[in-house]
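Next come the chains, spelled out residue by residue.
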Amino acid sequence: MRLPTLFIILPIALATGAATRHDYRVYLSDKPGSEYSLSQPEAYLSEKAIERRNRQGIAIDSADLPVCTDYLRTLKRQGAEILTASRWHNTALIGLDDTTRLTGIATLPFVRDIQFVGLSGGITETPANRKHTVVTGSRTTDAPALPSEQIYGQSYAQLSMLGIPRLHAAGFHGEDMRIAIIDDGFLQADRNPHIDPDRIAGTFDFLSGRFDYDRYDNHGAMILSTFAAVDSTHYIGSAPNADYWLLVSEHLPTEYRSEEDYWTAAIEFADSIGVDIVSSSLGYYTFDDPAMNYTHAQLDGHSAFITRSAQTGAEKGMAVVVSAGNEGDKAWGKITFPGDAADVLSVGAVNGTRVPASFSGRGYSADRRIKPDVAAWGVATAVLQSDGSDKYVSGTSFATPLVAGGIACLWQSLPRLTAREIIETVRQNSSQYATPDSLVGYGIPDFYTAYATGSGISGTTRQDAPFIIYTEGSIVTIGAIDQPSHITLYTPSGQTAFQTAVPALSPCPLPQMATGIYIVRRQTAEGIQCRKIRIDNPSPLPL
């Protein structure tokens, strides 16, 4: 695979001695010059990335252009270390050993703003109860194993809750899908005898620039096993035939907003190499410097830097799946950032009897959107350790790859859909789509039902006409198909609320409606399809 000539700014290794480096996020004014152009995106995006955009009708724009290298060189001449840079935000993360140089940097004509985002080098131990929470557990069962259970072994229960084994049986295991896992480390993941090394497409460490399987934490390694491990009769992952990029962005010993910049570098890299799905079980809300702490009011889908990065990733055509966080039973109580992004699927946790986990981060968003979006098995989730042995761990971290793997298989089965349509299809085919709440959102997805409905083998009359409905705030849109149709919207009592004729290949935005449940009926020359939808409208409109 040919990669574009420039994806990232190679990071400087984090300081390890006693000296403390101050890190700043520098907002740049523009992207001048002709070094890169929109007409030649192959210079900074891979063929896969361009193909993904073209397939979904997403234009390449100025946000895709790399940061101006002349600006970065000037910052270096001013004494700054360039740690990473963001093309989407047009920012540079810089490190200064001598903070007196900041005055000169602030006067540069292309510097729009500067924010202090962290320190490096002063803390060497990870504080207790920080970062992701992993609780070990166990499962007990007296029931004899069924044939399908014998094939999947320890992973059967958590996958069957989501309908994934049936999707596998239909022939979809994530083939040709690319998944990026953004995490804090993949300790000895290469030693797991049940993970095919050919499934690992690549690795990168955005903290040091040097990926090492013998460094950092094993959190990402356990997550990888839930995706990719295959041990017939013992364990099968959620998307065992997908290809994986392992990306490190989290600095365990400290917690500063600079980690949002490293996470942003990772998701931008994933975008540029043509990844389809991003799965990340990292979340933020509190930091070593209390002045950086976020508030509940900022869970609005745009306040946090990392949230804007996740949202942009979704807008670039990737399905972005993130954990809801493990703060549900703590003082914070809510989902963590970037789970508040509108087009990102945030995943909560339930136990084996589908009861919400007490620790699972709760909604709603500050602007009253449904969050988390869905939930999956996250209490005593079965994973494989690097030596291939079983372990049971708890956290939304481990519910997330179950859902992300299901999305890989679903998207493989419905390749015509956009990332946004895939995410909405998952929501619509979840257990409580009509009655979402703040604990598990739209509920527990059923990926086989989503496939059956979207492919036409159940609930539709055409093999190539998926009935996709997606929402943005209170705006509901019926996805386009390749023939004319007539759309009718009914209230639960059977009254006609809206109807219109729709040309072929045209989406159909619905008018603003009152909050409630509706039936959407689409009629074409080849048949009739019906779907139940929920509309959430903050405006007090009467039915």
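Residues numbered from 1 in each chain as written. Predicted model: local features only at pLDDT ≥ 70, side-chain atom pairs only at ≥ 80, totals over all residues. Heavy atoms only, no water.

## Some details on the nonpolar core
No. 1: Tyr-244, Leu-247, Ile-277 and Ile-407 are the most contacted members of the largest nonpolar core, which totals 112 residues.
No. 2: Of all the elements, helix 10 (residues 396–413) adds the most residues to this core, at 10 residues.
No. 3: The contact partners of Ile-407, leaving out residues within four places of it in the chain, are Ile-277, Ala-319, Val-321, Leu-345, Ile-422, Ile-423, Val-426 and Phe-447. (Core = buried A, V, L, I, M, F, W, Y, C linked by side-chain atoms within 4.5 Å. Buried < 20%, exposed > 50% of the residue type's maximum accessible area, 1.4 Å probe, protein only. Helix = DSSP H or I, 4+ residues; strand = E, 2+ residues; numbered from the N terminus. Contact = heavy atoms within 4.5 Å.)

## Here we look at the environment of Ser-506
No. 1: Along the polypeptide, Ser-506 turns up in the loop between strand 20 (496–502) and strand 21 (508–509).
No. 2: When near neighbours in sequence (up to four residues on either side) are disregarded, Ser-506 contacts Ala-480 and Ile-481.

## Observations regarding the side chain of Glu-259
No. 1: By the element assignment, Glu-259 lies in helix 8 (residues 258–272).
No. 2: The exposure class of Glu-259 is buried, given its relative accessible area of 1%.
No. 3: A distance of 3.3 Å separates polar atoms of two side chains, one belonging to Glu-259 and the other to Tyr-284. (Polar contact = N/O pair within 3.5 Å; in protein donor to acceptor, adjacent residues only side chain to side chain.)

## Concerning the confidence of the model for the chain
Note: predicted coordinates in regions of low pLDDT should not be interpreted at a detailed level.
No. 1: When the pLDDT values of the chain are averaged, the result is 87; 86% of them are 70 or greater.
No. 2: For the stretch residues 122–130, pLDDT sits under 50, and the model shows 13 contacts to residues farther than four places along the chain or on other chains.
No. 3: Here residues 140–147 is a poorly scored stretch, pLDDT under 50, and it has 2 contacts once near neighbours within four places are set aside; other chains count. (pLDDT = per-residue confidence, 0-100.)

## Concerning the sheet that holds strand 4 (residues 111–120)
Either a parallel or an antiparallel arrangement is found when strands of a sheet pair, and the pairing is made through backbone hydrogen bonds.
No. 1: Ordered by their spatial adjacency, 4 strands build an open sheet running 2-3-1-4, and the pairing between neighbours is antiparallel. The open sheet terminates on both sides in strands that have one partner only, identified here as strand 2 (81–86) and strand 4. On average, each strand axis in the sheet is tilted by 25° relative to the strand beside it, whichever way the strands run.
No. 2: Sheet topology note: the strand 1 (residues 21–28)/strand 3 (residues 91–96) ladder contains 6 bridges and is antiparallel. By the bridge assignment for strand 3, Tyr-24 is matched with Ile-94.
No. 3: In this fold helix 8 packs onto strand 1, strand 2, strand 3 and strand 4, with an angle of close to 55° to the strand it touches most, strand 2. (Pairing = 2+ DSSP bridges. Axes fitted to C-alpha atoms, helices over the stretch in contact; angles between N-to-C directions.)

## Overview of helix 12 (residues 447–455)
What sets the pattern is the α-helix's 3.6 residues per turn: residues three or four places apart point alike.
No. 1: Among the 9 residues of helix 12, 8 are classified as buried, and the element is accordingly described as predominantly covered.
No. 2: Listed in full, the buried residues belonging to helix 12 are Phe-447, Tyr-448, Ala-450, Tyr-451, Ala-452, Thr-453, Gly-454 and Ser-455.
No. 3: Residues of helix 12 that are buried in the fold lie against helix 6 (164–169), helix 10, helix 11 (419–428) and strand 23 (527–535).
No. 4: Looking at where helix 12 begins, the residue whose side-chain oxygen comes 3.1 Å from the main-chain nitrogen of Tyr-448 is Asp-446.

## Concerning the packing of helix 10 against helix 11
No. 1: Two numbers describe how helix 10 lies on helix 11: the axes approach to 11 Å, and their chain directions differ by 115°. Considering only the axes of helix 10 and helix 11, their crossing is right-handed. Touching Ile-407, Leu-410 and Trp-411 of helix 10 are Ala-419, Ile-422, Ile-423, Thr-425 and Val-426, all from helix 11.
No. 2: The class makeup of the residues in the contact of helix 10 with helix 11 is 7 nonpolar, 1 polar and no charged. (Left-handed = near helix turned anticlockwise from the far one by under 90°. Nonpolar A, V, L, I, M, F, W, Y, C, P; charged D, E, K, R; others polar.)

## Side note on the packing of aromatic side chains
Aromatic rings in a pair are described by how distant their centres are and how their planes are angled relative to each other.
No. 1: Here the structure, examined in full by the defined rule, presents 19 aromatic pairs.
No. 2: Ring geometry for Phe-186 versus Phe-211: centroids 6.1 Å apart, planes at 35°, classification tilted. With a gap of 25 residues between them, Phe-186 in the loop between strand 6 (178–183) and strand 7 (200–205) and Phe-211 in the loop between strand 7 and helix 7 (219–228) connect regions that are remote in the sequence. By the burial criterion, Phe-186 is buried, and Phe-211 matches it.
No. 3: Connected via pairs of aromatic rings, a cluster forms that spans Tyr-284, Tyr-285, Phe-287, Tyr-294, Trp-332 and Phe-337.
No. 4: Against the face of Phe-305 rests Arg-25, its NZ or CZ located 3.8 Å from the ring centre. (Phe/Tyr/Trp six-rings, centres within 6.5 Å; stacked < 30°, edge-to-face > 60°. Lys NZ or Arg CZ within 6 Å of the ring centre and 35° of its normal.)

## Digging into the packing of helix 8 against helix 9 (residues 305–315)
No. 1: For the pair helix 8 and helix 9, interaxial distance at closest approach is 9 Å and the crossing angle is 10°. With respect to helix 9, the axis of helix 8 lies roughly parallel. Listed contacts from helix 9 to Glu-260, Asp-261, Trp-263, Thr-264 and Ile-267 of helix 8 are Phe-305, Ile-306, Ser-309, Ala-310 and Gly-313.
No. 2: Of the residues assigned to the contact of helix 8 with helix 9, the class counts are 5 nonpolar, 3 polar and 2 charged. (Parallel < 35°, antiparallel > 145°, perpendicular 65-115°, else oblique.)

## Remarks on the sheet that holds strand 12 (residues 319–323)
No. 1: Taken in spatial order, the 7 strands of this open sheet run 7-10-6-11-12-13-14, and their pairing is parallel. The sheet is open, and its two edges are formed by strand 7 and strand 14 (374–377), each paired on a single side. The sheet shows a mean angle of 25° between the axes of neighbouring strands, direction not considered.
No. 2: Note: strand 6 against strand 10 (residues 243–248), 6 bridges, orientation parallel. Within strand 10, the position partnered with Arg-178 by the bridge is Asp-243.
No. 3: Contacting strand 12, strand 13 (345–350) and strand 14, helix 11 crosses the sheet at an angle of about 25° to strand 13.

## Let's talk about the pattern of salt bridges
No. 1: For the coordinates displayed, the defined rule picks out 22 salt bridges.
No. 2: Residue Arg-55 is joined to Asp-276 by a salt bridge in which the shortest nitrogen-to-oxygen separation is 3.9 Å. Taken as a pair, Arg-55 in helix 1 (residues 47–56) and Asp-276 in the loop between helix 8 and strand 11 (277–280) lie far apart in primary sequence, 221 residues in all.
No. 3: The class for Arg-55 is partly exposed, based on a relative accessible area of 39%.
No. 4: Salt bridges sharing partners connect three or more residues here, namely Arg-52, Arg-53, Asp-61, Asp-64, Arg-87, Glu-268, Asp-271 and Lys-316. (Salt bridge = Lys/Arg side-chain N within 4 Å of Asp/Glu carboxyl O.)

## A word on the environment of Asp-23
No. 1: Note that Asp-23 resides in strand 1.
No. 2: The class of Asp-23 is buried, set by a relative accessible area of 0%.
No. 3: Residues Asp-23 and Leu-96, 73 residues apart in the sequence, show an inter-C-alpha distance of 6.3 Å.
No. 4: Within polar-contact distance, the side chain of Asp-23 engages the side chain of Ser-120 at 3.0 Å.

## Considerations on the pairing of strand 13
No. 1: With 6 of its 6 residues buried, strand 13 lies for the most part within the structure.
No. 2: The side-chain alternation of strand 13 yields two buried faces, one formed by Leu-345, Val-347 and Ala-349 and the other by Ser-346, Gly-348 and Val-350.
No. 3: In this structure, strand 12 lies alongside strand 13, joined through 3 bridges in parallel fashion. Across the sheet, Val-322 pairs through a bridge with Ser-346, a residue of strand 13.
No. 4: The sheet contact formed by strand 13 and strand 14 spans 4 bridges and is parallel.

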